Amino acid sequence: MITTMSNAQQRRVERVAPWLLLAAVLLLWQGVCLVFNVSDFILPSPTAIVVALVDYWDVIAGHAWRTFWTTMVGFGLAIVVGVALGLVMGSSRLAYAAGYPLMTAFNALPKAAFVPILVVWLGLGAGPAILTAFLISFFPIMVNIATGLATLEPELEDVLRVLGARRTDVLLKVGLPRAMPYFFASLKVAITLAFVGTTVSEMSAANEGIGYLLVSAGSAMKMPLAFAGLVVIAIMAMAMYELFAVLEKRMTGWAHRG
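The name that an unreviewed UniProt entry assigns to the protein is Riboflavin transport system permease protein RibX, with the source organism given as Cupriavidus respiraculi. Under the heading Sequence similarities (unreviewed entry), UniProt records this for the protein: "Belongs to the binding-protein-dependent transport system permease family." The record held by UniProt for the protein lists under Subcellular location (unreviewed entry) the comment "Cell membrane".

Asker: Honestly, the nonpolar core in this entry has me stumped. Any pointers?
Answerer: If you look at soluble globular proteins, the nonpolar side chains tend to sit buried side by side. In this structure, Ile 60, Phe 75, Ile 141, Leu 187, Phe 195, Ile 210 and Val 232 are the most contacted members of the largest nonpolar core, which totals 43 residues. The set of elements that each furnish at least two residues to this core consists of α2 (46–55), α3 (57–91), α5 (114–122), α6 (126–150), α8 (167–205), α9 (210–219) and α10 (223–251). Broken down by element, this core gets its largest block of residues, 11 residues, from α6. Residues contacting Ile 141, with those up to four places away along its chain left out, are Phe 75, Ala 78, Ile 79, Gly 82, Val 83, Phe 183, Ser 186, Leu 187 and Ala 190.

Asker: Please explain the layout of surface pockets as it appears in this structure.
Answerer: Picture a little ball the size of a water molecule; that probe, rolled over the atoms, points out where space is still empty. Computed from the structure, the largest pocket encloses a volume of approximately 850 Å³. In terms of lining residues, the largest pocket is bounded by 21 residues, among which Pro 18, Trp 19, Leu 22, Ile 235 and Met 238 are the most central. Of all the secondary structure elements, the ones that give two or more residues to the lining of the largest pocket are α1 (7–35), α2 and α10. Looking at the lining of the largest pocket, the element that brings in the most residues is α1, giving 9 residues. For the lining of the largest pocket, the per-class residue count stands at 16 nonpolar, no polar and 5 charged.

Asker: Help me understand the pattern of salt bridges, please; the structure alone is not making it clear to me.
Answerer: Side chains bearing opposite charge may pair, as long as their charged atoms lie close to each other. Applying the stated criterion to the full structure yields 2 salt bridges. Close ionic contact of Arg 66 with Glu 208 constitutes a salt bridge, the shortest N to O distance being 2.6 Å. Here the residue Arg 66 occupies a position in helix α3, and Glu 208 occupies one in the loop between α8 and α9, the gap between them amounting to 142 residues. Owing to a relative accessible area of 11%, Arg 66 belongs among the buried residues under this scheme.

Asker: I tried to follow the confidence of the model for the protein on my own but got confused; where do I start?
Answerer: Note: predicted coordinates in regions of low pLDDT should not be interpreted at a detailed level. Taken over all residues, the pLDDT of the protein has a mean of 89, while the share at 70 or more is 91%. Here helix α7 (residues 154–162) is the element of the protein with the lowest mean pLDDT, 68, and α2 is the one with the highest, 96.

Cut-offs and rules
Residue numbers run consecutively from 1 along every chain, following the written order of its sequence. Reporting of local features is limited, given that this is a predicted model, to residues whose pLDDT is at least 70; pairs of side-chain atoms are given and counted only at 80 or more, and all residues count toward the totals for whole chains, interfaces and linings. With hydrogens and water stripped out, all remaining heavy atoms of the structure feed into the side-chain values. UniProt positions are given in the numbering used here, feature names are shortened, and annotations may be inferred rather than shown by experiment. As used in this record, nonpolar core signifies buried Ala, Val, Leu, Ile, Met, Phe, Trp, Tyr and Cys residues forming a set joined through side-chain atoms within 4.5 Å. Exposed residues in this analysis have more than 50% of their type's maximum accessible area, buried residues have under 20%, and partly exposed residues fall in between, with area computed by a 1.4 Å probe over protein chains only. The helix and strand labels rest on DSSP assignments: H or I over at least four residues marks a helix, E over at least two residues marks a strand, and numbering proceeds from the N terminus. By definition, residues are in contact when any of their heavy atoms lie within 4.5 Å. We place a 1 Å grid over just the protein atoms. Points where a 1.4 Å probe fits but has no way out form a cavity, open points with protein on both sides within 12 Å along at least 5 of 7 lines form a pocket, and any residue with an atom within 4 Å of a point lines it. Grid points are joined across faces, edges and corners, and a volume is the space filled by probe spheres set on the points. Residue type decides the class: Asp, Glu, Lys and Arg count as charged, Ala, Val, Leu, Ile, Met, Phe, Trp, Tyr, Cys and Pro as nonpolar, and the leftover types, Gly among them, as polar. Any Lys or Arg side-chain nitrogen found within 4 Å of a carboxyl oxygen on Asp or Glu counts as a salt bridge. Looking at any residue, its pLDDT shows the predictor's confidence there, from 0 to 100.

Below you can see the structure in the form of C-alpha cells.
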C-alpha cells in the first residue's frame, strides 16, 4: 500500500533535508581525511577547521566584520542602481532595446579585472571592495526588475487603460507589485555574488577582510585558517540569503502556491 506524506510532514522533511545532506558531506569529508591520512596542508579535515575557528576566532571575527559591512554597502548601492535602471528599461521598450545589450556585455566582463583599475582610482582599502561588490551584484537586480515590468500582459494593460489608468498608474500599481517576486529572487542571487566580489577584491586590494585573511593564511601555510575563512563567508552569505527568503515569503506570499 502506497502512503503519501501530508503537507506538514513534507515541509518538515524539506527543512531537515539540507542539514542531513550537510552532515553527510562533513562525515564523508572527515572519513576521507582519516582513512587516507590527508595532510591539513592539502585538505584540512572538518575538525581541524573547527579548531582553527576556535583558536583564531577574534582574528576571523574582525576580518569578517570588515567583509560584511563593505559587502552590505556595495549591495545597497547595487539595489538602488539596479532598481532604478530596471524601472527605466522595464517601463520603456526603447530603453530596454537600447540598454539591455550594453548591460549584458558589461556583465560579461570579468569583475576581477576591474580591481587593479579601482586600486589606481581609489587606492587600497574598502573602496575597491565596495565597488566590486556593487559591479558584480547590480545586474541580476536590474534584469529581474526590468523583466517583471516588461512582461506585463498587454491585455491587462489595455483593460486598465480603458478604465482610465495612465501609464504611470499601470507601472506603479500593477507593474511594481507584479515585479516583487522577481525582485526578491534577484536579491537572493545578488547577495551571494556581492560576497564573492568583496572577497575577490580583498585578496589583492585590501589589508583587512576575509579575502586578505585567505591570502595571508595561505602564504603562512595555515590551510585550516584559510578554510575557516571560507566557512565564515559561506555562513554570512547563507544567513543573508535566508533573510531575503523570509522577507520574500512574507511580502510576496500571494505569488507562491501553498
